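One-letter residues, chain by chain:
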Amino acid sequence: MGKTGRDWTQIYAIYGMDNYQTPIFLLIHAIVFSVSSVLFLVYFDSICSSFEPILPSTGFARFAAGFTGSVTALSGVCLFYAEGNMFYSSVALRWEMAQRMVAIVDDWSTVKTALDVGCGRGILLNAVAMQLKKEGSSGRVVGLDRKNTTLAVLRTAGMEGVEEYVTCREGDAQRLPFPDDYFDVVVSAGFVHTVGREFGQKTAAAAAERMRVIGEFVRVLKGGGIGVLWDLMHMREYVQRLHELKMEDVRVSERVTAYMLSSHIVSFQKPRQHVVGPSEVRLDWRRFYNIS
């Protein structure tokens with residue numbers, strides 16, 4: 001059981017894994033390094049003998065063989081840890097973080113519209129829908145992703161028993177296809193850092209694209225609405241941008257290791273009387289998307 005009181009095997013059965021190649025790659029290499037370290041131990045004397053012709057003394061040869069075996073064993077341990085963290089982060093941790101994010105919103109019974117940006121397989125999306133159902137709300141949550149994931153998300157929503165609370169659409173997070181002040185709650189998990197990566201993570205162009213997404217979160221959020229973001233990188237950028245946009249009650253959670261990186265949850269509230277700042281752009285979304 002995880003901290004949320006739910007069997008992790010059930011979570012994995014519903015949501016599966018997006019990128020199973022990386023954990024398998026790490027696991028294979030961890031096994032190879034571990035077996036190699038055992039062989040170093042079993043055949044230590046023979047390995048020392050092989051080092052002796054290229055080293056000045058037997059003592060140096062034994063030290064070199066021992067050092068190499070130790071590094072090999074340590075590498076195996078580190079690879080096993082990395083594999084376990086990647087496997088855990090891909091679904092179980094995402095589910096746990098989704099529960100933490102949902103808990104930040106005090107009263108889901110008053111929420112009529114919610115948005116999950118970068119919904120992926122629907123882990124956070126369904127967590128929001130389950131909370132709406134639990135609170136007896138008539139609200140709905142929209143999942144938006146760059147890829148058309150509607151069928152996969154609706155399948156997982158059906159398995160969770162919340163399909164009537166969920167809708168999905170394909171769209172661009174830099175230009176959200178929704179009007180201003182539309183959603184009571186906007187959430188996103190492990191997505192924003194991927195925006196602009198075609199420019200390179202540390203470039204000014206990528207940072208500008210990420211900040212545009214944060215601005216879009218704020219734009220579509222109603223006055224008094226709550227935004228909750230969990231991500232792996234660039235948290236200081238997000239917090240700074242939220243302060244620039246005059247958001248209230250900006251909070252950053254404690255560090256959580258995910259995918260071998262430090263992750264945090266950032267939450268904020270949009271002021272009920274939000275004044276557009278000089279660096280904030282309002283899009284004529286109906287003209288842009290030819291929606292009447």
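Here, the structure is the one placed above.
Residues numbered from 1 in each chain as written. Predicted model: local features only at pLDDT ≥ 70, side-chain atom pairs only at ≥ 80, totals over all residues. Heavy atoms only, no water.

A. Inspection of the overall build of the chain at higher detail. Within the chain one finds nine helices and eight strands. Taken over C-alpha atoms, the radius of gyration comes to 24 Å for the chain, far larger than the 19 Å a tight globule of 292 residues would show. Taken along the three principal axes of its C-alpha coordinates, the chain extends 80 × 45 × 35 Å. Long-range pairs, those at least 24 residues apart, make up 77% of the contacts in the chain with a sequence separation of at least 6. (Helix = DSSP H or I, 4+ residues; strand = E, 2+ residues; numbered from the N terminus. Rg over C-alpha atoms; globule rule 2.2 N^0.38 Å. Contact = heavy atoms within 4.5 Å.)

B. Main features of the packing of aromatic side chains. If you walk through the whole model with that rule in mind, you get six aromatic pairs. On the basis of an interplanar angle of 35° and a centroid distance of 6.2 Å, the ring pair of Tyr15 and Trp95 is categorised as tilted. On the criterion of sequence distance, the pair formed by Tyr15 in helix H1 (residues 8-15) and Trp95 in helix H4 (residues 58-104) is long-range, its members being 80 residues apart. Each member of the pair, Tyr15 as well as Trp95, carries the same accessibility label: buried. Each ring, one from Phe178 and one from Tyr182, has its centre 6.3 Å from the other, and the planes form 15°; the classification is stacked. With relative accessibility at 6%, the residue Phe178 sits in the buried group. The class of Tyr182 is partly exposed, set by a relative accessible area of 38%. In this structure an aromatic cluster arises from ring pairing among Phe178, Tyr182 and Phe183. The positively charged end of Arg140 is found above the aromatic ring belonging to Tyr165, 5.3 Å away from the centroid. (Phe/Tyr/Trp six-rings, centres within 6.5 Å; stacked < 30°, edge-to-face > 60°. Buried < 20%, exposed > 50% of the residue type's maximum accessible area, 1.4 Å probe, protein only. Lys NZ or Arg CZ within 6 Å of the ring centre and 35° of its normal.)

C. Here's a closer look at the pairing of strand E3 (residues 166-170). The pairing of strand E2 (residues 140-145) with E3 spans five bridges and is parallel. Residue Val142 lies in a different strand from E3, and its bridge partner there is Thr167. In this view, the connection linking E2 to its parallel neighbour E3 by way of helix H6 (residues 150-160) has right-handed handedness. (Pairing = 2+ DSSP bridges. Right-handed = clockwise from strand over helix to strand, strands pointing away.)

D. Expanded view of the pattern of salt bridges. Taken as a whole, this structure holds 11 salt bridges when the rule is applied. One salt bridge in this structure joins Arg100 and Glu96, with 2.9 Å as the shortest N-O distance. Here Arg100 pairs with Glu96, and both are found in helix H4, just four residues apart, close to one helical turn. For Glu96, a relative accessible area of 7% puts it in the buried group. One salt bridge connects Arg210 with Glu237, and the closest N-O pair in it is separated by 3.2 Å. Separated by 27 residues along the polypeptide, Arg210 in helix H7 (residues 204-220) and Glu237 in helix H8 (residues 235-244) bring together distant segments of the chain. (Salt bridge = Lys/Arg side-chain N within 4 Å of Asp/Glu carboxyl O.)

Take it as geometry only, folks, not as evidence of what the structure does.
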